[in-house]
Amino acid sequence: MTAPGALNSAAGSLYVVATPIGNLDDISARALKILQEVALIAAEDTRHSQRLLQHFGISTPLAACHEHNEREEGSRFITRLLAGDNVALISDAGTPLISDPGYHLVRQARAAGINVVPVPGACALIAALSAAGLPSDRFIFEGFLPAKAVGRRARLESIKEEPRTLIFYEAPHRILECLQDMELVFGPERPALLARELTKTFETLKGLPLAQLRAFVESDSNQQRGECVVLVAGWTAPESEEAVSGEAMRILDLLLEEMPLKRAAALAAQITGERKNVLYQVALEKQKDQ
């Protein structure tokens, strides 16, 4: 047994290896070396990854590690690692675990005291962000939105006033519906960018306000094919300094039901980061109206 947090010196290492998202030349020299030297490669789709390995002349054995077997089959990889073998984890494209399988295996490996080593490389969300021309100092990655409209709109509503740049993955057959819902929830003028088929032959990066971007995709069926990353500018508060976010108003209203106005405004300011004097004035006006 290995103490929690301690490394098992007799075990091998689990290498989390990024692979190309399109252009095969984007694989790193280090990734190729690791894939050549490990005893086993855990792959999301062995048939897909076999073609990649053949292209680079790598004959390392492959074993499936995908979303349907990862929890149950992870122990087979852990057994090999504990026996001293090095194992590489790859997904079909890009960095494993980023909207791809691998989380459960990495978690199991770390719990067993196995050394987990990142081998960085291509990642669609980072590639898109780097070329989007949207603020990149702070951003959030939402992965894939719910497939059904009700769930998708509810998720979008929950981040409507998120100030950081928003990044999403979307399936090509849902990209138009996704943009329609974003236009509805975020508004037609919110800046956005569609990054499609990154690093591939028909790569597209189109930045427009949401209404225009939706119309662009709607008018060209070719834009509804391939892997899609959607970036949306974060919410910007109205220019008036008296503006208060909807979430701050919700918290303020709840607090006003339980405590005096001044205390409610002060506590709401601590929770939300809004200015205390602005919240106090808003609360005061609400009480006058009542």
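So, a few notes on the structure that sits alongside this text.

Calculation rules
- Residues numbered from 1 in each chain as written.
- Predicted model: local features only at pLDDT ≥ 70, side-chain atom pairs only at ≥ 80, totals over all residues.
- Heavy atoms only, no water.
- Pairing = 2+ DSSP bridges.
- Helix = DSSP H or I, 4+ residues; strand = E, 2+ residues; numbered from the N terminus.
- Axes fitted to C-alpha atoms, helices over the stretch in contact; angles between N-to-C directions.
- Core = buried A, V, L, I, M, F, W, Y, C linked by side-chain atoms within 4.5 Å.
- Buried < 20%, exposed > 50% of the residue type's maximum accessible area, 1.4 Å probe, protein only.
- Contact = heavy atoms within 4.5 Å.

## Let's talk about the sheet that holds strand β3 (residues 62–64)
If you walk across this open sheet you meet the 5 strands as β3-β2-β4-β1-β5, and the pairing is parallel. Where the open sheet ends on each side, the last strands, each with one partner, are β3 and β5 (115–119). For this sheet the average axis-to-axis angle between neighbouring strands, irrespective of direction, equals 25 degrees. Bridge analysis of strand β1 (residues 13–17) against strand β4 (residues 87–90) gives 3 bridges, and the strand direction is parallel. Bridge pairing in β4 links V16 to L89.

## Side note on the nonpolar core
Ranked by size, the top nonpolar core spans 21 residues in total, and within it F168, L179, M182, F186, V230 and V232 carry the most contacts. Not counting residues within four places of it along the chain, the set of residues in contact with M182 comprises L145, L156, F168, G187, L210, V230 and V232.

## Structural notes on the sheet that holds strand β10 (residues 228–232)
With mixed pairing, the 5 strands of this open sheet are ordered in space as β6-β7-β10-β8-β9. If you trace the sheet from one side to the other, it starts and ends with β6 (139–144) and β9 (204–209), each paired once. Neighbour to neighbour, the strand axes of the sheet diverge by 15 degrees on average, direction disregarded. In this sheet, β9 lies alongside strand β8 (residues 191–196) in antiparallel orientation, the contact comprising 6 bridges. Residue pairing for β9: L194 is matched across the bridge by K206. Contacting β6, β7 (165–170), β8, β9 and β10, helix α5 (residues 124–132) crosses the sheet at an angle of about 45 degrees to β10.

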